[in-house]
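Examination of the molecular architecture
Below are the chains, spelled out letter by letter.
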Amino acid sequence: ALGQDEELPQQAELNVIHSTVCAGSLVTVLFVAAAGNRTASSGSVTMYNAGHHVAPLDELTVPTNQSDGELLFETAYDMQDHALEFVWTEGAGGTSRPIKLATSMVVQVLAAADACLECGGDNSTCAGCDGVPHSEMTFDACHVCGGANACLDCARQVNGTHRIDACGMCLEPLLTCSNGTRAGLACKKNVHCPGSSCATTWPASIARGEGSAHDAAEVEAKGWNECVDCSGVVNGSAVRDSCGICKGNNQRR
């Protein structure tokens, strides 16, 4: 035990990097020699329970002829809720008791660290969407963990209706009533189609040259498969004549 009458003014410095640590982790203690002895240091630093400098928990020797440096103390997992202090002492000639050079601030020991290095944590702060620490798994735009955005259309809209046409263009299809009195007419919602639904209509048949000239003009206005000629050839040269006939000669049949 240290004698109170042998304590000298703390000209030397003893500091800790963190005021709290997780049980089972390291405590970094920094030492700086006294102002009049900057070229050399000696003695040892001892880890105690704060306020009880009787039973040492650990002790490390301060390197000689080193004016400053650091020492690493390891805490035990059963030290949770302990308060630690570090004391730097040095022998004093022929005296039987060491001289106290410096005392550190108190270090509080918290619960052991989880996989995310959080004291007393539950592994959630570094877990991916799959619950696994450090997996780096995230939700995609479709809210699928680790997904590949399969619900995005070519316009990057969630559950969108855009598709790539034969010309490689990302476009939205026509929406028409599927049945009933408004069958084939344009719509935006099911309420626009009494007795049926507002459904996606892909103008593929018109792209193959079928249908009326009016229908073909409507598709062209939408831009769908605009590089496909009336005979269904991508970047083809076939066109409709004035009678609406693909590759016609402007004569009605």
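Note on numbering: residues in each chain are counted from 1, in written sequence order. Confidence filtering applies because this is a predicted model: local features only for residues at pLDDT of at least 70, side-chain atom pairs given and counted only at 80 or more, and all residues used for totals across whole chains, interfaces and linings. Side-chain numbers here rest on the full set of heavy atoms in the structure, without hydrogens or water.

A look at the nonpolar core
Residues belong to one nonpolar core when they are buried, are Ala, Val, Leu, Ile, Met, Phe, Trp, Tyr or Cys, and are joined through side-chain atoms within 4.5 Å. Using a 1.4 Å probe on the protein chains alone, a residue whose accessible area is under 20% of its type maximum counts as buried, one over 50% counts as exposed, and one in between counts as partly exposed. If you look at the biggest cluster of nonpolar residues, it comprises 23 residues, and the most contacted ones within it are L14, V27, V29, V45, F73, F86 and W88. Secondary-structure elements contributing two or more residues to this core are β1 (13-16), β3 (26-32), β4 (44-49), β6 (68-74), β7 (83-90), β8 (99-103) and β9 (107-110). Ignoring anything within four residues of it in the chain, the contact list for F86 reads L14, V16, V27, V29, V45, T46, M47, F73, A102, T103, S104 and V107. The numbering of helices and of strands both runs from the N terminus, where a helix is a DSSP run of H or I of at least 4 residues and a strand a run of E of at least 2. Any two residues whose heavy atoms approach within 4.5 Å at even a single point are treated as in contact.

Points about the side chain of H162
Positionally, H162 belongs in the loop between β9 and β10 (163-164). In this structure, H162 is in contact with D153, C154, A155, Q157, C170, L171, E172 and P173, ignoring residues within four places of it in sequence.

Some points on the state of the cysteines
Two cysteine sulfur atoms form a disulfide, by the criterion used here, when they sit within 2.5 Å. Summed over the entire model, instances satisfying the criterion amount to eight disulfides. Sulfur-sulfur distance for the disulfide between C129 and C145 comes to 1.9 Å. Judged by the sign of its S-S torsion, about 85 degrees, the bond between C129 and C145 is right-handed. With C129 in the loop between β9 and β10 and C145 in the loop between β9 and β10, the pair connects residues that are 16 residues apart, well separated along the chain. Disulfide pairing places C142 opposite C151 at an S-S distance of 1.9 Å. Judged by the sign of its S-S torsion, about -100 degrees, the bond between C142 and C151 is left-handed.

Things to note about the environment of V32
Within the secondary structure layout, V32 lies in strand β3. For the pair V32 and L14, spaced 18 residues apart in sequence, the C-alpha to C-alpha distance is 6.6 Å.

Examining the sheet that holds β3
Taken in spatial order, the three strands of this open sheet run β1-β3-β6, and their pairing is antiparallel. Every interior strand has two partners, whereas the edge strands, β1 and β6, have only one. The mean inter-strand angle of the sheet, taken between neighbouring strand axes irrespective of direction, is 25 degrees. A pair of strands is labelled paired if DSSP reports no fewer than 2 bridges between them. Between N-to-C directions, angles cover 0 to 180 degrees, with each direction set by a line fitted to C-alpha atoms, over the stretch in contact for helices.

Quick word on the pairing of β4
Here β4 lies mainly inside the structure; five of its six residues are buried. Sheet topology places β4 next to strand β5 (residues 58-61); four bridges connect them, and they run antiparallel. Across the sheet, S44 pairs through a bridge with T61, a residue of β5. Where β4 meets β7, six bridges bridge the pair, whose relative direction is antiparallel.

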